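The primary structure of each chain is shown beneath.
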Amino acid sequence: MTEEQNNGKPLDISVVVPLYNEEESLPELEAWIERVMQANGFSYEIIFVNDGSTDSSWQVIEQLKQKNQAVHGVCFRRNYGKSPALNTGFARARGNVVITMDADLQDSPDEIPELYRMITRDRYDLVSGYKQKRYDPLSKTIPTKLFNATARRVSGIKNLHDFNCGLKAYRRDVVKHIEVYGDMHRYIPYLAKLAGFTRIGEKVVQHRARKYGKTKFGLDRFVNGYLDLATLWFTGKFGGKPMHFFGLMGSLMFLLGFIAAGIVGAVKLYRMYHGMSYTLVTDSPYFYLALTMMLLGSQFFLAGFIGELVARNSSHRNDYEIETEF
């Protein structure tokens, strides 16, 4: 049921489905979602975001639209990735609760009613699925466990076991106040936390074996995932105050280098005063190590200073997330 068919009232649920070459699974997924929505009396929309598929996925979506007006589609000219697809779907979602799921039928639409209840009644901002029992090879499950353990440690969200699960539910305000870019879809709970949405829950969900096609992700996602996590941690902690990081690091390095250079000079003076043999300061490798530390420290400090100038001139420097006001 669309918003117009719902007498102008906001929809209960928007289901955002990013996809790439999933022509075989789309009709079954759409029918399954429709069946669940009708059984529970939800007003809803399904937003398929076609991420530059090279098969007939877009033609299938057009056919689904003809028989179900709740279906909407967005088609990218080329493959951009899952994060841009999700961000595009979030921008168009009109439901009070937004649910994301993958198009490969490994996520079960039967989970939707309970996810909706956790958002609307338990008052969570975000609920992430947890595929406790997975149908994946060890080459995927073991790196996934290490990845999630690191993400919990860095993000401080201790109760999540599966950050990258595609099946998630969001309060509408969450998806309208976060920007998912690059490959940051892995860290949407962390993005939500940084935006001030801290009521984050988890639900054990069913993981189904892939029925059609093959996975679109390789092992490189684990390397990229750690790099993205480091980026997100740094920007979240020091993005608005770069001098606190670079300035501190630079000051410490310069101070240590200065002390080391002073020690090298003091040792030479001591040996001269006591008539002992000595070498030139410039003959000591420690002098060059100290000089390098001082130069690097100066560069770090200047980087922090430049970062502060950039931050002060940003048009978003005073954009704050305000939940309510009178």
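Residues numbered from 1 in each chain as written. Predicted model: local features only at pLDDT ≥ 70, side-chain atom pairs only at ≥ 80, totals over all residues. Heavy atoms only, no water.

Colleague: Go over the overall build of the chain, please, and point to the residues and values.
Modeller: Helix and strand counts for the chain stand at ten helices and seven strands. The burial tally for the chain puts 42% of its 326 residues in the buried class. Long-range pairs, those at least 24 residues apart, make up 79% of the contacts in the chain between residues at least 6 apart in sequence. Element-wise, carbon and sulfur atoms account for 57% of the exposed surface of the chain, whose accessible area totals about 17900 Å². (Helix = DSSP H or I, 4+ residues; strand = E, 2+ residues; numbered from the N terminus. Buried < 20%, exposed > 50% of the residue type's maximum accessible area, 1.4 Å probe, protein only. Contact = heavy atoms within 4.5 Å. Areas by Shrake-Rupley, 256 points an atom, 1.4 Å probe, with all protein chains shown as cover.)

Colleague: Can you break down the confidence of the model for the chain residue by residue, with the values?
Modeller: Averaged over the chain, the pLDDT score is 84; the fraction of residues at 70 or greater is 83%. Scored below 50 in pLDDT, residues 320–325 makes three contacts in the model with residues more than four places away or belonging to other chains. (pLDDT = per-residue confidence, 0-100.)

Colleague: Tell me about the sheet that holds strand β5 (residues 126–130), and name the residues and values.
Modeller: In space, the seven strands of this open sheet follow the order β3-β2-β1-β4-β6-β5-β7, with mixed pairing throughout. Bordering the open sheet on either side are β3 (71–75) and β7 (200–204), each of which pairs with just one other strand. Each strand of the sheet is rotated relative to its neighbour by a mean of 20°, with strand direction disregarded. Across three bridges, the pairing between β5 and strand β6 (residues 168–171) is antiparallel. From the neighbouring strand, Ser128 faces β6, where its bridge partner is Lys168. (Pairing = 2+ DSSP bridges. Axes fitted to C-alpha atoms, helices over the stretch in contact; angles between N-to-C directions.)

Colleague: Would you mind going over empty space enclosed by the protein in detail, with residue names and values included?
Modeller: All chains considered together, the criterion is met by one cavity of 30 Å³ or more. Space inside the largest cavity adds up to approximately 70 Å³. If you go around the largest cavity, the residues you meet are Lys82, Leu86, Thr100, Asn164, Cys165, Gly166, Lys168, Tyr170, His185 and Ile188. Within the residue set of the lining of the largest cavity, elements represented by two or more residues are α3 (82–92) and β6. When grouped by side-chain class, the residues that make up the lining of the largest cavity number four nonpolar, four polar and two charged. (1 Å grid on protein atoms, 1.4 Å probe; cavity = no way out; pocket = protein on both sides within 12 Å on 5 of 7 lines; lining within 4 Å. Points joined across faces, edges and corners; volume = space filled by probe spheres on them. Nonpolar A, V, L, I, M, F, W, Y, C, P; charged D, E, K, R; others polar.)

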